[in-house]
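Report on the structure
Okay, here's what each chain looks like letter by letter:
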Amino acid sequence: SIGSQEVVVEINSPGGDFFEGVAIYNMLRAHPHKVTVRILGLAASAASVIAMAGDQIQIGKAGFLMVHNAWVVALGNRHDLRDAAETMEPFDAAMAGLYADRSGAQKSKATEWMDSETWFNGELAVEVGLADGFLPADAVTEDKTKAEAANGVYATRRLDAQLAKTGMPRSERRALLAEAKGGMQDAAPAVTLDAGEIAAL
């Protein structure tokens, strides 16, 4: 889809022709507006090359990106096959350069990924830098989970501060809060407060 200031490219593809992928990549890179790539399910092989064109690359947490060396069907004697292998080297080097530039990894590392036909799930793709983040729905869920966890810690601290004002010893407060949280053993560190924190609540 194309907006006035943004192009959104949604990908779910096992790939295809190397040169078609490169052509689409170059076309997107030449676009005057921001290009956002969304990997909805799979961006493999030549489709992973297209994905690298995004100014921003988003991937589903359950999505995948796969990189490998270029494939060819070769026929002939040993000299022909050796020549075919040498002919493929520049194609693989070009792809490794794209993955390295995008991720910030060394080109030799990108070559290792390709040699091993590496499959990156959403989290790993973000971790290694082949994607910038998750699809909006996944990002919202992740932010909500973090916010809920933070709110739980804040509520525990407030309760601990109120109990401290009653004169209850710290050890009893910890035991009570741990019991209230279902006996979780990690509750104690979360409610450890110093006098400054208590005064601020």
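Here's what I pulled together on the structure shown here. (Residues numbered from 1 in each chain as written. Predicted model: local features only at pLDDT ≥ 70, side-chain atom pairs only at ≥ 80, totals over all residues. Heavy atoms only, no water.)

Things to note about the overall build of the chain
When helices and strands are tallied, the chain shows nine helices and six strands. Across the 201 residues of the chain, 34% fall into the buried class. When contacts within the chain are restricted to residue pairs at least 6 apart in sequence, long-range pairs at least 24 apart make up 61% of them. (Helix = DSSP H or I, 4+ residues; strand = E, 2+ residues; numbered from the N terminus. Buried < 20%, exposed > 50% of the residue type's maximum accessible area, 1.4 Å probe, protein only. Contact = heavy atoms within 4.5 Å.)

Digging into the nonpolar core
In terms of nonpolar packing, the biggest core is built from 35 residues, with Ile11, Val37, Ile39, Met52, Leu65 and Tyr99 touching the most fellow members. With six residues, the single largest contributor to this core is helix α3 (residues 78-103). (Core = buried A, V, L, I, M, F, W, Y, C linked by side-chain atoms within 4.5 Å.)

A word on the packing of aromatic side chains
For the structure shown, the criterion picks out five aromatic pairs. Residues phenylalanine 18 and phenylalanine 91 carry aromatic rings whose centres are separated by 5.5 Å and whose planes lie at 35 degrees to one another, so their mutual orientation is tilted. With phenylalanine 18 in helix α1 (residues 18-29) and phenylalanine 91 in helix α3, the pair connects residues that are 73 residues apart, well separated along the chain. Owing to a relative accessible area of 17%, phenylalanine 18 belongs among the buried residues under this scheme. Consider the rings of phenylalanine 64 and tryptophan 119, whose centres lie 6.5 Å apart with planes at 70 degrees: the pair is edge-to-face. With a gap of 55 residues between them, phenylalanine 64 in strand β4 (residues 64-67) and tryptophan 119 in strand β5 (residues 118-121) connect regions that are remote in the sequence. When its relative accessible area of 44% is taken as the criterion, tryptophan 119 is described as partly exposed. A network of ring pairs unites the aromatic residues Phe18, Phe19 and Phe91 as a single cluster. Just above the ring of phenylalanine 134 sits the side chain of lysine 61; from NZ or CZ to the centre is 5.2 Å. (Phe/Tyr/Trp six-rings, centres within 6.5 Å; stacked < 30°, edge-to-face > 60°. Lys NZ or Arg CZ within 6 Å of the ring centre and 35° of its normal.)

Thoughts on the side chain of serine 48
Tracing the chain through its elements places serine 48 in helix α2 (residues 46-51). Overall, serine 48 belongs to the buried group, its relative accessible area being 0%. Dropping the residues within four chain positions of it, serine 48 is found in contact with Ala43, Leu65, Met66, Val67 and Tyr99.

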